[in-house]
Amino acid sequence: MIKIGVTGDFFEMEKEIRLLKEMPEFSLAGIYHYDTKLLKEFTIKHNLPAFSSSSSLVRSCDAIDIAGNNGDETHLYTGILKSSKHLIVDFPNASSIDRLKHLTNLASEAKVIMHVRNPYRFNPAYLACLSKINKPAVIEIQMEIKPGSKLDNQSVLCIDLIRDMVKLNIHKVNASGISVAGRKIDYLTTRIEFDNGSIANMTINELSDRDSLIAKIYQPGNRIQINFSKKECSIEKFPFSLFPGSNKENNEQIIPEINKINPANEELRQFGNAIEQIFSTGIDIEQALQSIDLYREIVEKINKTTFHPLQN
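What you are looking at is a predicted structure, and each value in this text was computed from that prediction instead of being measured.

Counting its regular elements, the protein contains nine helices and 13 strands. Its C-alpha atoms give the protein a radius of gyration of 21 Å, within 12% of the compact-globule value 20 Å for 312 residues. Here the protein holds 312 residues, and 50% of them are scored as buried. Here the contacts in the protein between residues at least 6 apart in sequence split such that 66% fall between residues at least 24 apart. The averaged location of the 39 negative side-chain charges in the protein is 1 Å from the averaged location of its 37 positive side-chain charges.

Now the structure itself:
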């Protein structure tokens, strides 16, 4: 059983604690937060030990769960990795690229798992189709997020999802962004071309009253559609024909069986498996760094053509 401690944002910590208490892979050692008054209330509410410092929490655990982002936590990350403790975190801020490279080296030297969260990768509809995604020719990602959401964070998560489907080098990137409803970019579109000719088109808009993510994957012989928000998916098979479009009635639609799992719970379970096997089964810091690098390239292209630059 893995002894794990939790720190970070109080709201996100609460969600993590509830998940960890239900998981036999983990033993919840306690929590830490710099706000001692809130920490005391929190520990009483959840009946958990409180630690007086982050270093004392780290010493008492095999792994640390940093829930949410409380600003620049590089010092905390560094202390955990130098103590050879495993770590699960949200995607770090894209602006701190040099510090991320330093963390990548620390995780490698310490031979520990530093898992970076992406709940889309553990969505049950996506997992049900993942083994069927083998030769994607075109990937279309369409995301809607509510005003006030972090466009940059969501963009990085979508880029990471695309890179999970196409594990190849990138040949070319085009991107554009516009401001529709305010003084910042709220509509972003990107085209990513891979070395083998595969194409990924990603559109994200912050103009909706809902959150949604739909992916369509076109590959030889079939089309896969995944609705992440509704946790639904389908695979439409296209039989070979010399006259495409003449035999639509012969198209076969398959609805894969979807396991009823909580993506956050599944991601923690995979993190636990990675620790037990000392082998990354999810997104390690190096993979996350590559996705952030790609996002920064997209930002640079957009900022050359707009009066409302994206955060970089």
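On we go.
When its volume is computed, the largest pocket comes out at roughly 1,100 Å³. Together, 37 residues line the largest pocket, and Glu12, Asp90, Pro119, Gln154 and Leu157 are the ones closest to its centre. Of all the elements in the fold, those that place two or more residues in the lining of the largest pocket are α1 (10-21), β6 (138-144), α7 (151-165), β10 (212-219) and α8 (263-277). When residues in the lining of the largest pocket are grouped by element, the largest group, five residues, is from α7. Taken together, the residues of the lining of the largest pocket break down into 18 nonpolar, eight polar and eleven charged.

Attention now moves to the side chain of glutamine 154. Structurally, glutamine 154 can be placed in helix α7. For glutamine 154, the contacting residues outside a window of four places in its chain are Tyr120, Met143, Ile145 and Ile204.

This part covers the sheet that holds strand β2 (residues 26-31). Pairing within the open sheet is parallel, and its five strands lie in the order β2-β1-β3-β4-β5. A strand with exactly one partner marks an edge of an open sheet, and here the two such strands are β2 and β5 (114-116). Going across the sheet, the axis of each strand differs from the next one's by a mean of 20°, ignoring polarity. The strands that α1 touches are β1 (2-8), β2 and β3 (63-67); relative to β1, the one it contacts most, it runs at about 160°. Where α8 meets the sheet, its contacts fall on β1, β2, β3, β4 (86-89) and β5, and the angle it forms with β4 comes to roughly 160°.

With that settled, consider the state of the cysteines. On inspection of all chains with the given rule, the structure shows zero disulfides. Cysteine 233 provides the cysteine sulfur closest to cysteine 129, a residue in no disulfide bond, and the two sulfurs are 3.4 Å apart. Using a relative accessible area of 0% as the deciding quantity, one classes cysteine 129 as buried.

Bringing the environment of methionine 13 into the picture now. With respect to the secondary-structure elements, methionine 13 resides in helix α1. Between the C-alpha atom of methionine 13 and that of glutamine 287, which follows or precedes it by 274 residues, the distance is 25 Å. Apart from the residues lying within four places of it in its own chain, the contact partners of methionine 13 are Val6, Thr7, Gly8, Ile31, Tyr32, His33, Phe42 and Ala67.

Parameters at a glance
- Residues numbered from 1 in each chain as written.
- Predicted model: local features only at pLDDT ≥ 70, side-chain atom pairs only at ≥ 80, totals over all residues.
- Heavy atoms only, no water.
- Helix = DSSP H or I, 4+ residues; strand = E, 2+ residues; numbered from the N terminus.
- Rg over C-alpha atoms; globule rule 2.2 N^0.38 Å.
- Buried < 20%, exposed > 50% of the residue type's maximum accessible area, 1.4 Å probe, protein only.
- Contact = heavy atoms within 4.5 Å.
- Lys, Arg positive; Asp, Glu negative; His and termini not counted.
- Charge placed at Lys NZ, Arg CZ, Asp CG, Glu CD.
- 1 Å grid on protein atoms, 1.4 Å probe; cavity = no way out; pocket = protein on both sides within 12 Å on 5 of 7 lines; lining within 4 Å.
- Points joined across faces, edges and corners; volume = space filled by probe spheres on them.
- Nonpolar A, V, L, I, M, F, W, Y, C, P; charged D, E, K, R; others polar.
- Pairing = 2+ DSSP bridges.
- Axes fitted to C-alpha atoms, helices over the stretch in contact; angles between N-to-C directions.
- Disulfide = S-S within 2.5 Å.

Shape descriptors only; they carry no functional weight alone.
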